[in-house]
Amino acid sequence: MSFANIISAIGNNNSVYPLIVRDCGIEVPTKIILTYNQNKNESKQIAKLAARERFLDEYSVSAVWLGGIPLVGKLADYFIKKSGFNPDINLKLFKGDSFQNIDENIKNFKGKVPQNVIDELQKVKNNKALYEKLLAGKFLLSTSIPILFMGWILPKLIFASSARKIEKQRQKELISKKRNVSSSLNFQKSIDFMNNKKISFKGNWISTAANFSTVDKMFVTDGGYAVGRVATARNKNEALDVGFKMTGMMFLNFIAPKYIERFLNKCFNVSLDPKLLSDNNFITSIKNKTLKLPISDSAKDILNFIDNNPDSMFVNYAEKFGKLKMLKIENQKVRDPRSFIEIDKLTAFKKDIERFSKTALSKNDIKAYARKACTVKSAGVLLNIAISSILLAYVLPKAQFAFRKIITGSDLEPGLAPAKQSL
């Protein structure tokens, strides 16, 4: 994979790649270290337990978050196919305009795509209510199962494991008779608390939810995960502490990077993907003024352009960046009539290309300008990752620790610390 492709992948805030880099590579290791350091001054034993809890919690959640959601989605797709439906058919086709709806697609693509594609569309059209229920079930399963595990089951398992560790530590200290009195009392109170805490494991939205990307589902899952963590907290102070952390994590993972990206794009005046900026054919087509684009921003003109120019650079890159789906039929490409194209996304993509082309043509050396633009955009992507990672891995934990100090008067993890009066 080329450098441009790597930058393109981690710079796409609608994909999981930036989340993997920030979450597994930077955020989690930093948080583990910060957690240990935050607790060690008051109690090294609690510091070790807190760091252990953070390690088990964060990486278990990451595994479910990044792997569990897509896996459950694929299993749901398997059962939808067994029911005789194609889960790739977009429900938005039922409320599309005159240029893009299920009836028009059945009529206009008949004979252009394999008959089974038309049959799939026709079956969904004839059984819309059942298909909606299947997609609703897919959405609920792919979000509720991870939420249940991350929000309720996992914390209970970790809490029980910590209680056992504390009990072992208490027995060791009793045998050696070298306990520090205050420390022993602290541990005993934590044991008593956790032993008393029972470890038990007790229309329109469908159209929108059915088309959620993996990242969209992660956002929904994080919301449920946050509710679960607050509900399973070992005391009120831990509930407040976890609530503060989860709110900050959701904002910094899913919302802030997109605003940072927009800000950097304006600062650097480059919006196009590095993969496109490093394509010599793209740069040559600008230089020779042979680059084909839709004649206007209307849905009719954009769809007509796609259908009449399926091998154009605009269509190829729009497909690579996930803005539309094409079918390959006997060495020819045809727009997939089962998909729904978000015209506003293609319009924005077209405008970005037009803006870059206009600027590039005003330069003496177009290739040199493109190389510079690619470097600047790549730097912006890396800067976005760096800024959001610092906010997640350092600023948020420090803010959480300060918040914890205010509500508990202690630096210790509220769930492991001895019981104190809650606010």
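Report follows, based on the coordinates. (Residues numbered from 1 in each chain as written. Predicted model: local features only at pLDDT ≥ 70, side-chain atom pairs only at ≥ 80, totals over all residues. Heavy atoms only, no water.)

Let us look at the environment of Tyr317. Relative to the helices and strands, Tyr317 is located in helix α14 (residues 313-320). Through-space distance from the C-alpha of Tyr317 to that of Phe349 is 9.7 Å; in sequence the pair is 32 residues apart. Ignoring anything within four residues of it in the chain, the contact list for Tyr317 reads Lys275, Leu276, Asp279 and Phe349. (Helix = DSSP H or I, 4+ residues; strand = E, 2+ residues; numbered from the N terminus. Contact = heavy atoms within 4.5 Å.)

So, about the packing of helix α10 (residues 236-268) against helix α16 (residues 366-408). Any two packed helices are characterised by the angle at which their axes cross and by the distance between the axes. At a closest axis distance of 9 Å, the pairing of α10 and α16 adopts a crossing angle of 155°. When the interaxial angle is binned, α10 and α16 end up roughly antiparallel. Where α10 crosses over α16, the two elements pack in a sense that is right-handed. A class-by-class count of the residues in the contact of α10 with α16 yields 17 nonpolar, nine polar and five charged. (Axes fitted to C-alpha atoms, helices over the stretch in contact; angles between N-to-C directions. Parallel < 35°, antiparallel > 145°, perpendicular 65-115°, else oblique. Left-handed = near helix turned anticlockwise from the far one by under 90°. Nonpolar A, V, L, I, M, F, W, Y, C, P; charged D, E, K, R; others polar.)

Together, Leu71, Leu75, Tyr78 and Phe79 give the surface a local cluster of nonpolar side chains, amounting to about 450 Å² of exposed area. Within the fold, Leu71 resides in helix α3 (residues 44-82). (Patch = residues over 30% accessible without salt bridge, like charges linked within 9 Å, V, L, I, M, F, W, Y side chains within 5 Å. Areas by Shrake-Rupley, 256 points an atom, 1.4 Å probe, with all protein chains shown as cover. Salt bridge = Lys/Arg side-chain N within 4 Å of Asp/Glu carboxyl O.)

So, about empty space enclosed by the protein. Approximately 280 Å³ is the volume attributed to the largest cavity. Lining the largest cavity are 18 residues, with Glu53, Asp57, Glu238, Val242 and Lys245 sitting closest to its centre. Among the secondary structure elements, those contributing two or more residues to the lining of the largest cavity are α3, α6 (128-176) and α10. Of the residues in the lining of the largest cavity, the class split is seven nonpolar, two polar and nine charged. (1 Å grid on protein atoms, 1.4 Å probe; cavity = no way out; pocket = protein on both sides within 12 Å on 5 of 7 lines; lining within 4 Å. Points joined across faces, edges and corners; volume = space filled by probe spheres on them.)

Moving on, we come to the side chain of Ser285. Position of Ser285 relative to the elements: it lies in helix α12 (residues 280-287). Setting aside its immediate chain neighbours within four residues, Ser285 contacts Thr290, Leu291 and Met313.

The next thing to look at is unusual backbone geometry. With a phi close to 50°, Glu330 is a non-glycine residue in the positive phi region. Considering the arrangement of structural elements, one finds Glu330 in the loop between β1 (326-329) and β2 (332-335). Residue Asn331 is not a glycine yet carries a positive backbone phi of 65°. Relative to the assigned elements, Asn331 resides in the loop between β1 and β2. When its relative accessible area of 72% is taken as the criterion, Asn331 is described as exposed. (Buried < 20%, exposed > 50% of the residue type's maximum accessible area, 1.4 Å probe, protein only.)

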